[in-house]
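# Analysis of the macromolecular model
In case you want the letters, here they are:
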Amino acid sequence: MFNGSFSDTWQANEKTGRPRKGVFEDLVDERRQRGDLGWVLRTRRSVPSPAFCAAGTSAASAAIKSSKSPADINRDVLSSDRLTYGLREISLETGRPMPELMSEAGAILDEMSHCLSMFAIRSFGYAVAKVMKRIYRGVFVNTEGITQLRKACSEYPVVLMPMHRSYADFLLLSLVCYDYDLPLPAIASAMDFMGMQLIGSILRNCGAFFIRRSFATDRVYWLTFVEYVKTHVRDGLHPVEFFIEGTRSRTGKSLYPKTGMLGAILESWFMCEVPDVYLVPVSISYDRTLEQKLYAYELLGVPKPKESTSGLLKARALLDEDFGSVHFYFDQPISLRKFATEYGGVDRSVHSLAPKVKAQLTDAETRMLKAMAHHVVSRHCLNAVVSPFCLLAALLLADGRACRPVPLTELAADLEWLRLRLADVGSLASLDWPAQLSTEAVIAEQCRLHSDLVTLLTKDQAVALVTAPDSDLEARAAQRLQLSSYRNHIMCHVIELALYDAATLKSSDGGLGAAAVFDTLRHLLHREFPTISDAEEMPDMADALPRLRNFARACLRPSLAGCSQVCSVLLEQPELAAQSSERHIAMAAQKRAFANLVSNPSLWDDWESVSLDLLVNAVHGLHRLRILTKSRGAAATGDGGSSCDFERLRRLHLILDPLTRTQPDGVHEVPSTRSRL
Amino acid sequence: PDDSKSDEKPSGSDKETAKDSVFKRPSVIPKHRQDLLKWNGWGYQDSQFAVTNQRTLTFTGQRYQLSGSEMPALVEWMEKALGASIDQRSPAKFTRPENIPPPVQVNADFMSAIRQLGLSHSDAGPDRLFRGHGHTLEEMFTLREGMFPRLPDLVVWPTSHREVVELVNLANRCGVVLIPFGGGTSVTGALLCPPGERRMIVSLDTSQMNRILWLDERNLIGRFEAGIIGQDLEARLAELGYCIGHEPDSLEFSSLGGWVATRASGMKKNVYGNIEDLLVHVTFVTPTGVIEKSCAAPRVSVGPDVHHLIMGSEGSLGVVTEVTLKIRPLPQTRRYGSLVFADFASGVRCLRELALRRCAPASVRLMDNEQFQFGHALRPAASGWTTAFVDAVKRFYVTRVRGFKPDELAVATLLYEGTPEEVAQQEALVNSIAANHGGISGGEENGRRGYMLTFVIAYLRDLGLDYYCVGESFETSVPWDRVLDLCRNVKLRIKEECRSRGVTQPVLSTCRVTQTYDAGACVYFYFAYNYRGLPDPVHLYEEVENAARDEILANGGSLSHHHGVGKIRQRWYSRSVSEPAVAAVRAVKSRLDPNNVFACANLFEPAGGPDGQTEQKAKL
């Protein structure tokens, strides 16, 4: 990590001549200076390949090759001991003949496998580079991270684990790998793309492989998938790239990590098929996200448009917009072996007694897998570059501040304060702050970039939100959700303080005690904020500035309002819990929230309680707290039906109530700029 | 058994018959080992690697095939593989015999009793020093750089089973510790005196119990005293037309009793079996009595096999005095062979098939590429242009025609024994199986060289120690499906552990598969590194070896295939066999040896402190 917000002292990288900004260098500038044709045709030099393969004892194939065609990979998967053994087991249990199962696995593999070709990468890269130049001001990459990644690629298998905020993530990441002469990743993608004509096969040629969204019960699929992933890890020729969050985060917050894919990768180390694995968290931050608006509507429940090539063509209007810069932060590679040593409790030798083909994770390994997944998500957040607009959005949203235009000077003073305080706390080391501009100028610049969300009223010298007409509730909510998604970028930096603050607020504990409230909230919000530490103890943050506490509280309030909304709807409609799935409860809560907003649009924080994502997370929280418990029958069928502990639900509601009020009992005063600075 | 006192006289006088002389001939190794063997290194004093001039190494003496020849490539190899320089010497400190610490505990009762019994004994420094250690790197380093915290206070040489019984009873009565000593080739720290021991420590040296007691040619078994060392045993039996066929790499120095006590394995086990297969009967002296079976029947079902308590007891329960082993007629033909594979993995697959079809020759060993390179470095200077020419032709065929890469190929050495027909048949089969895995024959000479090097390699560590290089070998056994992963992971782990501890020069980390079984294989690792500039090479080495052992266990390998547990692998013992199993062995120990006479503290620390005082008090 680097300390302090990097000032953009621009200088050229001595070796590459690329402009630098702090620890980052810009890729796009060079593409603007020189033509792309030479770039896509150039020879990539000294692409690292892992030494462990060359150790001459590769178990995978007789002839050790420095490259392996996609067909070779598929052949190795189908002939692997593990797959054959698993299929035979299924065959014996179900009576289905082996050849049938083998051909099923073959068909799955055909559907799944990538078809990575350098030619495709180069041609598609040409197009992506053109688009990139057009919509982005810069694509910044931390060069130290690249150096470390390069070294990692020359030692052990590497797994790239990027944040997922946009479809652009994996395109740009592959481009970065191409540009830095790194081995090109094999990318786990959702099936959504496969249906797209042309694009599906282009992505396949660029290294994407496609996995179904849910296949927990399909054993043949599971076996084939795991073996396909493990074959890549064992060969170590292409880093496996996948999104631990499973899907793009629509809210700007990290999603609760999915462990299936990581489990397959870890299994190859638990079963000693590889000496070690390097996991490389990659934080990606966009000044503006391409899909920003779509996301807001998806959160409201408007169905996601199906990925289609014609849809993509329609989206070309985006090409004329300015999306600011993109920052890639490659974290220091995490050695799986070292992580396991520090984590403790994992003893790989317990697998010694059964044959290797009977691999199954132990409980200790599953625990480590989860810890690892959370660790990666935390690293994502910690390293993600934060744009000034995130702070600005947070300030505007706090305590209903922006219900009327905020004077520029006041906002600038607050922004300056927030920037310095967060840097003090050390939690916000990676603020992309243009040093040579005044705070007012930064605000003005951000207003230009995000003109769809905020405007600078030049006459009044004040910043106002761009809002939809009062009548169009959905559009208003969408505007609000877009703005809050930027605030959410910094939530991981304030969440601990916010939880501490909520727990220690006198009026909230209802006689429970701070630690108990802290614990309750931690579980309630475990999905909403997956970076919340698992530590049992409540951190002592008593010396945090009151003003920072107020700020953190205001940032958390919309989430708690969402939880409160779910509690209310369950209390008002007791039959809901027994009959409905998580999503149905969330939709009922959303309906209730909308109804409230119609009657009282000034309920500032409730404007986010219409986000289905937030509401579903709240329902999960109730499950975690065992206020909702899945009934037996329901667990089997997979949807709907929980029993509800209404007594505890009421108590929770009482805890949440004071926390969701804008001025909780006047214990703390609303931050006022003049009095502090 | 005949154990008259006249045995103490040198035998082989004209009066005895030829057969008697073979039966009772004194050992090649003298009673005072320091007269022939190095005191701070491996093997014979006259045999070592030595620098002749600036760039060439030679092997001195006349004992080995390699002796006298110059190895021009070796220096270059040391530079390349270890970053060692011939100009950077790290000579051993010289310890004068008079500087060896004197005995610290002398039990007067015990002393007078052994004088009365007429047991041969010595408290001279060199005698005690030679019996106070084995041959782990740590022990060698201690000899070169310092001194052990504790040495035996006395060495006693019983000459018969009866004398051992008297000695053990005496020790038990007087409160004296006995540590049995055979050939001194332990690599588990088994011979080290426990530093916390407050009683007198006596080394029970079995070397003067080295007779062949009888041969039973009808049943093909023989009875031997436990102190006989491998080379004497085989040489004497050969004169009578027989062999045992048990050939551990320490054959020249290790003793029969040691083989039994450590569950030894020999390289030709495919034909002759490991010690547990060879052993028909054993006599074992413990403080509470002598354990032995009542017959020498080939197999019995009479409760749990007590032989398996004795084998692997590592000196902690008692001492082996006499052993009945199977003997075999000497093979008519002995033939070497070698195979070249494109890579180590193909070699392992070939060995797996040999095991599957149960047609592995007497010995088969597969060396990885690093060892192949090393073997190459030990080649003597080409004796003429024809040899060089033939080498070039061979190299051309292997690398160009077959496309093997010199930095990837692996080599297996083979040893066939049997009648000429059997050997020819077996060789044809082995070669055809090898061909299934892309292997080609590398000729007999390479095989012969490979086995010849077995005995010389042990000398190499001393050369390394003279040039800031420490090295060690360790072994494991592992199921077939894990062999390749284990080999690769352990080799890489060693390198990484060295690097992360500040070793900057290249690390030698190499392995070979030395035995094949139906269900798995034995793997030997060698590793060495240059410690110049590092503060505590032995501690570093220990940490690396421990990490490597952790990696082995994680990869499904065993704690040891044949070296044993001793002191250096105790931390994993309980995990390897389970708590109740350790409790059972402990119970046996406290029943057989209640006063902890055999207090070598191998396998586990004795309950209640080294001298068992707590236990005794509890009893009182």
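Residues numbered from 1 in each chain as written. Chains lettered and ligands numbered in written order. Predicted model: local features only at pLDDT ≥ 70, side-chain atom pairs only at ≥ 80, totals over all residues. Heavy atoms only, no water.

The name that an unreviewed UniProt entry assigns to chain B is Alkylglycerone-phosphate synthase, with the source organism given as Macrostomum lignano. Under the UniProt heading Function (unreviewed entry), the note attached to chain B is "Catalyzes the exchange of an acyl for a long-chain alkyl group and the formation of the ether bond in the biosynthesis of ether phospholipids." Turning to chain B, the UniProt annotation filed under Sequence similarities (unreviewed entry) states: "Belongs to the FAD-binding oxidoreductase/transferase type 4 family." (UniProt positions renumbered as here; feature names shortened; annotations may be inferred.)

As named in an unreviewed UniProt entry, chain A is Phospholipid/glycerol acyltransferase domain-containing protein, taken from Macrostomum lignano. Listed under Sequence similarities (unreviewed entry) in UniProt, the entry text for chain A is "Belongs to the GPAT/DAPAT family." The UniProt entry for chain A carries the following comment under Subcellular location (unreviewed entry): "Endomembrane system".

### Quick notes on the overall build of chain A
A tally of helices and strands in chain A yields 29 helices and 16 strands. In chain A, buried positions account for 58% of the 677 residues. Relative to all contacts within chain A whose residues are 6 or more apart in sequence, the contacts with residues 24 or more apart total 77%. For chain A, the exposed area adds up to about 27,300 Å²; of that, 55% sits on carbon and sulfur atoms. (Helix = DSSP H or I, 4+ residues; strand = E, 2+ residues; numbered from the N terminus. Buried < 20%, exposed > 50% of the residue type's maximum accessible area, 1.4 Å probe, protein only. Contact = heavy atoms within 4.5 Å. Areas by Shrake-Rupley, 256 points an atom, 1.4 Å probe, with all protein chains shown as cover.)

### Digging into the UniProt feature "active site" (unreviewed entry) in chain B
All names here are of chain B. As recorded in UniProt, the feature "active site" (unreviewed entry) lies at Tyr524. Counting through the fold element by element, Tyr524 comes out in strand 21 (residues 520–530). With sequence-adjacent residues up to four places away left out, Tyr524 is seen in contact with Ser473, Phe474, Glu475, Thr510, Cys511, Arg512, Thr514, His562 and His563.

### A short note on the UniProt feature "domain: Phospholipid/glycerol acyltransferase" (unreviewed entry) in chain A
The UniProt record marks residues 158–287 of chain A with the feature "domain: Phospholipid/glycerol acyltransferase" (unreviewed entry), using the residue numbering of this structure. As annotated, residues 158–287 of chain A comprises 36% helix and 19% strand, and the C-alpha atoms at either end are separated by 28 Å.

### What about the packing of helix 17 (residues 388–397) of chain A against helix 20 (residues 473–488) of chain A?
Residues and elements named next belong to chain A. One way to put it is that helix 17 packs onto helix 20 with a least axis distance of 7 Å and a crossing angle of 120°. By the angle between their axes, helix 17 is oblique relative to helix 20. With respect to the hand of their crossing, helix 17 and helix 20 are arranged in left-handed fashion. Every residue of helix 20 that contacts helix 17 at Phe389, Cys390, Ala393, Ala394 and Leu397 is listed here: Arg480, Leu483, Ser484, Tyr486 and Arg487. (Axes fitted to C-alpha atoms, helices over the stretch in contact; angles between N-to-C directions. Parallel < 35°, antiparallel > 145°, perpendicular 65-115°, else oblique. Left-handed = near helix turned anticlockwise from the far one by under 90°.)

### Describing the confidence of the model for chain B
Residues and elements named next belong to chain B. Per-residue confidence for chain B averages 91 on the pLDDT scale, and 93% of its residues sit at or above 70. Every residue in residues 1–15 scores below 50 in pLDDT, and together they form 18 contacts with partners more than four places removed in sequence or on other chains. Contacts of residues 612–620 to residues separated by more than four positions or lying in other chains number 10 contacts, the stretch itself having pLDDT below 50. Reported confidences for the modelled complex are a pTM of 0.90 and an ipTM of 0.88. (pLDDT = per-residue confidence, 0-100.)

### As for the sheet that holds strand 19 (residues 469–479) of chain B
All names here are of chain B. Ordered in space as 18-15-17-16-20-21-19, the seven strands form an open sheet in which the pairing is antiparallel. Each end of this open sheet is capped by a strand with a single partner; those strands are strand 18 (440–441) and strand 19. Pairing of strand 20 (residues 508–516) with strand 21, which is carried by eight bridges, proceeds in the antiparallel orientation. Across the sheet, Gln515 pairs through a bridge with Cys522, a residue of strand 21. Contacts from helix 12 (residues 344–356) reach strand 15 (333–341), strand 16 (363–367), strand 17 (410–418) and strand 20, with the element oriented near 160° to strand 16. Contacting strand 19 and strand 21, helix 18 (residues 537–554) crosses the sheet at an angle of about 15° to strand 19. (Pairing = 2+ DSSP bridges.)

### A few points about the nonpolar core
All names here are of chain A. Ranked by internal contacts, the top residues of the largest apolar core, which has 103 residues, are Tyr136, Met261, Leu262, Phe328 and Phe330. Setting aside chain neighbours within four positions, we find Phe328 in contact with Phe24, Val139, Phe140, Val141, Asn142, Asp169, Leu172, Leu173, Val176, Val282, Ser283 and Ile284. Counting 80 residues, the second-largest nonpolar core is a separate cluster that includes Leu391, Tyr486, Cys644 and Leu656. (Core = buried A, V, L, I, M, F, W, Y, C linked by side-chain atoms within 4.5 Å.)

### A few points about the interface of chain B and chain A
Where interface size is given, it is often the accessible area lost as the parts come together that is meant. At the junction of the two partners, chain B supplies 21 residues and chain A supplies 24 residues. Summing both partners gives a buried area of about 2,100 Å² for chain B against chain A, and 43% of it is carried by carbon and sulfur. Taken as a group, Arg482, Arg488 and Glu496 of chain B account for 28% of the area that chain B buries against chain A, more than any other trio of residues on that side. Put simply, chain B and chain A have five salt bridges between them. In this structure, the salt-bridge partner of Glu551 of chain B is Arg348 of chain A, at a minimum N-O distance of 3.2 Å. Counting the contacts that link chain B with chain A gives nine residue pairs in polar contact (both at pLDDT 80 or more). (Buried area = accessible area lost by both parts, 1.4 Å probe. Salt bridge = Lys/Arg side-chain N within 4 Å of Asp/Glu carboxyl O. Polar contact = N/O pair within 3.5 Å; in protein donor to acceptor, adjacent residues only side chain to side chain.)

### Notes on the domain arrangement of chain A
All names here are of chain A. Partitioning chain A into domains gives domain 1 (10–51 + 71–287 + 356–383) and domain 2 (473–676). Placing a centre on the C-alpha atoms of domain 1 and another on those of domain 2 gives a separation of 34 Å. Listed per partner, the contact involves 15 residues of domain 1 and 14 residues of domain 2. A combined buried area of about 1,200 Å² lies between domain 1 and domain 2, and 58% of that area is made up of carbon and sulfur atoms. Our count for the domain 1 to domain 2 interface comes out at one salt bridge. For the salt bridge of Lys253 with Glu528, the shortest nitrogen-to-oxygen distance reads 2.5 Å. Put simply, domain 1 and domain 2 have two residue pairs in polar contact (both at pLDDT 80 or more) between them. (Domains from an automatic or database assignment.)

### Regarding the UniProt feature "domain: FAD-binding PCMH-type" (unreviewed entry) in chain B
The sites that UniProt annotates as "domain: FAD-binding PCMH-type" (unreviewed entry) are residues 148–330 of chain B. Each end of residues 148–330 of chain B is marked by a C-alpha atom, and these two atoms are 43 Å apart; helix forms 23% of the span and strand 26%.

### So, the environment of Arg650 of chain A
Residue and element names in this part refer to chain A. With respect to the helices and strands, the residue Arg650 is situated in helix 28 (residues 646–659). By relative accessible area, which is 44% here, Arg650 ends up partly exposed. Along the backbone, Arg650 and Val158 are 492 residues apart, and their C-alpha atoms lie at a distance of 49 Å.

### Some points on the domain arrangement of chain B
Residues and elements named next belong to chain B. One can read the domain layout of chain B as domain 1 (95–330 + 578–619), domain 2 (336–467) and domain 3 (468–568). Centre-to-centre, using C-alpha coordinates, domain 1 lies 27 Å away from domain 3. Across the contact, 25 residues belong to domain 1 and 20 residues belong to domain 3. A buried area of about 1,800 Å², summed over both sides, lies between domain 1 and domain 3, and 54% of it is on carbon and sulfur atoms. It is Leu137, Phe141 and Thr188 that lose the most area in domain 1 upon contact with domain 3, and together they represent 34% of the buried surface on that side. At the boundary of domain 1 and domain 3, one finds zero salt bridges. At the boundary of domain 1 and domain 3, one finds 14 residue pairs in polar contact (both at pLDDT 80 or more). Looking at the side of domain 1 that touches domain 3, the elements that each hand over two or more residues are helix 5 (137–145) and helix 9 (269–272). The element best represented in the side of domain 1 that touches domain 3 is helix 5, accounting for three residues.

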